[in-house]
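What follows is each chain in one-letter form.
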Amino acid sequence: MKEAKIKAVIADDELLARKFIRRILKQDPEIEIVGECSNGKEAVAMIRKQQTDVVFLDIQMPEMDGFKVLETLGLDHLPEIVFTTAYESYAIRAFELHALDYLLKPFDQVRFKAALKHVKDRIHSRQLGDGHLQIGTLLESIKAQPAHLDRIIIKADGRISFLNTRQIDWVEADDKYVHLHTGDGSRMVRQTLNAMETELDPKRFVRIHRSAIVNIERIKELQPLFNGEHSVHLDNGTKLTLSRSYKDKLFERLGRPL
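Residues numbered from 1 in each chain as written. Predicted model: local features only at pLDDT ≥ 70, side-chain atom pairs only at ≥ 80, totals over all residues. Heavy atoms only, no water.

## Regarding the sheet that holds strand β15 (residues 239–242)
Through backbone hydrogen bonds, the strands of a sheet pair up, either in parallel or in antiparallel fashion.
Part 1: Ordered by their spatial adjacency, three strands build an open sheet running β13-β14-β15, and the pairing between neighbours is antiparallel. The open sheet has two edge strands with one neighbour each: β13 (219–224) and β15. Neighbour to neighbour, the strand axes of the sheet diverge by 30° on average, direction disregarded.
Part 2: Sheet analysis places β13 next to strand β14 (residues 230–234), joined by five bridges and oriented antiparallel. If you follow Glu221 over to β14, its bridge partner there is His233. (Pairing = 2+ DSSP bridges. Helix = DSSP H or I, 4+ residues; strand = E, 2+ residues; numbered from the N terminus. Axes fitted to C-alpha atoms, helices over the stretch in contact; angles between N-to-C directions.)

Quick look at the structure:
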């Protein structure tokens, strides 16, 4: 009897990442790709529908992040999981400590195939119990961490440094990256602005534009512009635009009447 193929789902909000994973998986005769999705809610529905064996799961996705996907599915009904992430702010060391498979973007074919081999070995041996226990422990450790970041990991020129979030004046979007502007320069991190917004303390940082987040403590004054927008002046001389759609939230944080 012909052995059943391993059913795989790709859950990632980045199109290029999905295409890369799909291309490699299609080269493996043991794998059948049964679905792709770009947000957490779709991932939950697809994993349940397809009775999936393995999921390549992005951590940061719209609607529901990867950790919430696992919580929603429940540990008793999880397939094998290979985490994929581009965000250094997530504690990669946590995955290593719990012996879970993860791929830090951008990953290459060699690293991907090594993770895939590990997954196939586990599926063939059907030793899923330990994996679920490890994932459960990981989720508990994630819950125990502070809700918002106190510092951000910066990788540049082969070095790793740390930036205290209190040092940030404002954050600027640049596609899949953000620039963290401080008093002594700017650091770039591979992170979307939407993801960064969820990780920064909302009591200190607020979104003022689709491409900017500002540290409230750095705001010196606001000046009205046309069409309900405002110019936000920081104490270092930087001028930013406050969009109408974000005005209410900023004034609420500042505690000032509209």
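## Quick word on the nonpolar core
Part 1: In terms of nonpolar packing, the biggest core is built from 21 residues, with Val9, Ala11, Val55, Leu57, Val69 and Phe83 touching the most fellow members.
Part 2: Counting only elements with at least two residues in this core, the list comes to β1 (6–11), β2 (31–37), α2 (40–50), β3 (54–58), α3 (66–73) and β4 (80–85).
Part 3: Once residues lying within four places of it in the same chain are set aside, the contact partners of Ala11 are Cys37, Ala43, Val55, Phe56, Leu57, Asp58 and Met61. (Core = buried A, V, L, I, M, F, W, Y, C linked by side-chain atoms within 4.5 Å. Buried < 20%, exposed > 50% of the residue type's maximum accessible area, 1.4 Å probe, protein only. Contact = heavy atoms within 4.5 Å.)

## Some thoughts on unusual backbone geometry
Part 1: Positive phi values are uncommon outside glycine, yet Gln51 reaches one of about 50°.
Part 2: Tracing the backbone through its elements, the reader meets Gln51 in the loop between α2 and β3.
Part 3: Taking the relative accessible area as the measure of exposure, Gln51 reaches 63% and is therefore exposed.

## Examining the sheet that holds strand β10 (residues 185–189)
Part 1: Within the open sheet, the five strands sit side by side as β10-β9-β8-β12-β11. Their pairing is antiparallel. Each of the sheet's edge strands pairs with one partner strand only, and the pair in question is β10 and β11 (205–209). Direction aside, neighbouring strands of the sheet carry axes that sit 25° apart on average.
Part 2: Pairing of strand β9 (residues 177–182) with β10 involves five bridges; the strand directions are antiparallel.

## A few points about α2
Part 1: For α2, the set of buried residues is Gly40, Ala43, Val44, Met46 and Ile47.
Part 2: Tucked into the core, α2 has its buried residues touching β1, β2, β3 and α3.
Part 3: The distance from a side-chain oxygen at the start of α2 to the backbone nitrogen of Lys41 is 3.1 Å, and the residue carrying that oxygen is Asn39.
Part 4: One or two steps after α2, the chain reaches Gln51, where phi turns positive at roughly 50°. (Polar contact = N/O pair within 3.5 Å; in protein donor to acceptor, adjacent residues only side chain to side chain.)

## Looking at the side chain of Asp169
Part 1: Secondary-structure assignment places Asp169 in strand β8 (residues 168–174).
Part 2: Note on Asp169: relative accessible area 5%, which makes it buried.
Part 3: At a separation of 3.4 Å, a polar atom in the side chain of Asp169 contacts the side chain of Asn236.
Part 4: Beyond its immediate sequence surroundings of up to four residues, Asp169 is in contact with His181, Thr182, Gly183, Val214, Asn215, Arg218, Leu234 and Asn236.

## As for the packing of aromatic side chains
Part 1: Applying the stated criterion to the full structure yields four aromatic pairs.
Part 2: Consider the rings of Phe20 and Phe107, whose centres lie 5.6 Å apart with planes at 65°: the pair is edge-to-face. Taken as a pair, Phe20 in helix α1 (residues 15–25) and Phe107 in the loop between β5 (102–104) and α5 (109–125) lie far apart in primary sequence, 87 residues in all.
Part 3: Judged by centre distance (5.1 Å) and plane angle (25°), the ring pair of Phe56 and Phe112 falls under stacked. Linking Phe56 in strand β3 with Phe112 in helix α5, this pair joins segments that are 56 residues apart in sequence.
Part 4: Taking the relative accessible area as the measure of exposure, Phe112 reaches 0% and is therefore buried.
Part 5: The ring of Phe162 carries the charged tip of Arg151 above its face, separated from the ring centre by 4.1 Å. (Phe/Tyr/Trp six-rings, centres within 6.5 Å; stacked < 30°, edge-to-face > 60°. Lys NZ or Arg CZ within 6 Å of the ring centre and 35° of its normal.)

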